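Listed below are the residues making up each chain.
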Amino acid sequence: QVRLVESGGGLVQAGGSLRLSCAASGIILSINTMAWYRQAPGKQRELVATITSGGSTNYLDFVKGRFTISSDNAKNTVYLQMNSLKPEDTAVYYCNARILTTGLQWNNYWGQGTQVTVSS
């Protein structure tokens, strides 16, 4: 069974920084893509950033230049460094990964979410 466990959320003032981590564990044969999503109250979940196993990255326009996604493939861990945080960044942040497991099937997994609150 594969699990994604996030950490690093919290309360920060506008302009501050936070670093989120997400570690995948279980029977993992390969990871294709890891990503961060977020969901603010009353809004749909939106994609924030993705990173492939080869290191290619993509970002939501609103976070470009402020957020950086990175990964440690040896640890099956993805990070999201968030700088210059704004109150609009307040949301629950979810880790997502496309993982090859036993049976040679690619499946999509989600973490439990971590709350990020930015005060003005």
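As the structure is a prediction and not an experimental result, all values here were calculated from the model. (Residues numbered from 1 in each chain as written. Predicted model: local features only at pLDDT ≥ 70, side-chain atom pairs only at ≥ 80, totals over all residues. Heavy atoms only, no water.)

In this section: the pairing of strand E4 (residues 30-39). Pairing between E4 and strand E9 (residues 91-101): nine bridges, direction antiparallel. Directly across from methionine 34, in E9, lies its bridge partner alanine 97. Inspection of the sheet shows E4 paired to strand E5 (residues 46-52) by six bridges, in the antiparallel sense. Among the inter-strand pairings, alanine 35 is bridged to a residue of E5, identified as threonine 50. The hairpin turn running from E4 into E5, its antiparallel successor, is six residues long, and glycine 42 in that turn takes a positive phi close to 75°. (Pairing = 2+ DSSP bridges. Helix = DSSP H or I, 4+ residues; strand = E, 2+ residues; numbered from the N terminus.)

The full count for this structure, using the stated rule, is four salt bridges. Between arginine 38 and glutamate 46 there is a salt bridge, with its nearest N and O atoms 2.8 Å apart. You can call arginine 38 buried: its relative accessible area is 4%. Its relative accessible area of 31% is what places glutamate 46 among the partly exposed residues. Of the charged contacts in the structure, one is a salt bridge between aspartate 61 and lysine 64, with a shortest N-O distance of 3.1 Å. Beyond isolated ion pairs, a larger network of salt bridges with shared partners links Arg38, Glu46, Arg66 and Asp89. (Salt bridge = Lys/Arg side-chain N within 4 Å of Asp/Glu carboxyl O. Buried < 20%, exposed > 50% of the residue type's maximum accessible area, 1.4 Å probe, protein only.)

We now examine the nonpolar core. In terms of nonpolar packing, the biggest core is built from 30 residues, with Trp36, Leu80, Met82, Tyr93 and Ile99 touching the most fellow members. Listed by contribution, the elements that provide at least two residues to this core are strand E3 (18-25), E4, E5, strand E7 (67-72), strand E8 (77-82), E9 and strand E11 (114-119). If you tally residues by element for this core, the top one is E9, at five residues. (Core = buried A, V, L, I, M, F, W, Y, C linked by side-chain atoms within 4.5 Å.)

Below, the discussion takes up the packing of aromatic side chains. The full count for this structure, using the stated rule, is one aromatic pair. Lying across the ring of phenylalanine 62, arginine 66 places its NZ or CZ 5.1 Å from the centre. (Phe/Tyr/Trp six-rings, centres within 6.5 Å; stacked < 30°, edge-to-face > 60°. Lys NZ or Arg CZ within 6 Å of the ring centre and 35° of its normal.)

With that settled, the discussion passes to the sheet that holds E7. Spatially, the four strands line up as an open sheet ordered E1-E3-E8-E7, and their pairing is antiparallel. Two strands close off the open sheet at either side, each with one partner strand: strand E1 (3-7) and E7. Going from strand to strand, the sheet's axes swing by 15° on average, the running direction of each strand aside. Judged from the six bridges that link them, E7 and E8 form a sheet pairing that is antiparallel. Bridged to phenylalanine 67 within E8 is methionine 82. (Axes fitted to C-alpha atoms, helices over the stretch in contact; angles between N-to-C directions.)

What follows deals with unusual backbone geometry. One non-glycine residue, asparagine 76, lies in the positive phi region at around 50°. Relative to the helices and strands, asparagine 76 resides in the loop between E7 and E8. The backbone phi angle of serine 84 is positive, close to 50°, even though this residue is not glycine. Its location among the elements puts serine 84 in the loop between E8 and E9.

Applying the stated criterion across every chain, the model contains one disulfide. Each sulfur in the disulfide pair cysteine 22 and cysteine 95 lies 2.1 Å from the other. Sign of the S-S torsion, about -80° for the bond between cysteine 22 and cysteine 95, identifies this disulfide as left-handed. Of this pair, cysteine 22 sits in strand E3 while cysteine 95 sits in strand E9, placing them 73 residues apart in sequence. A single burial state applies to cysteine 22 and to cysteine 95, both of which are buried. (Disulfide = S-S within 2.5 Å.)

Keep in mind these values describe shape, not function.
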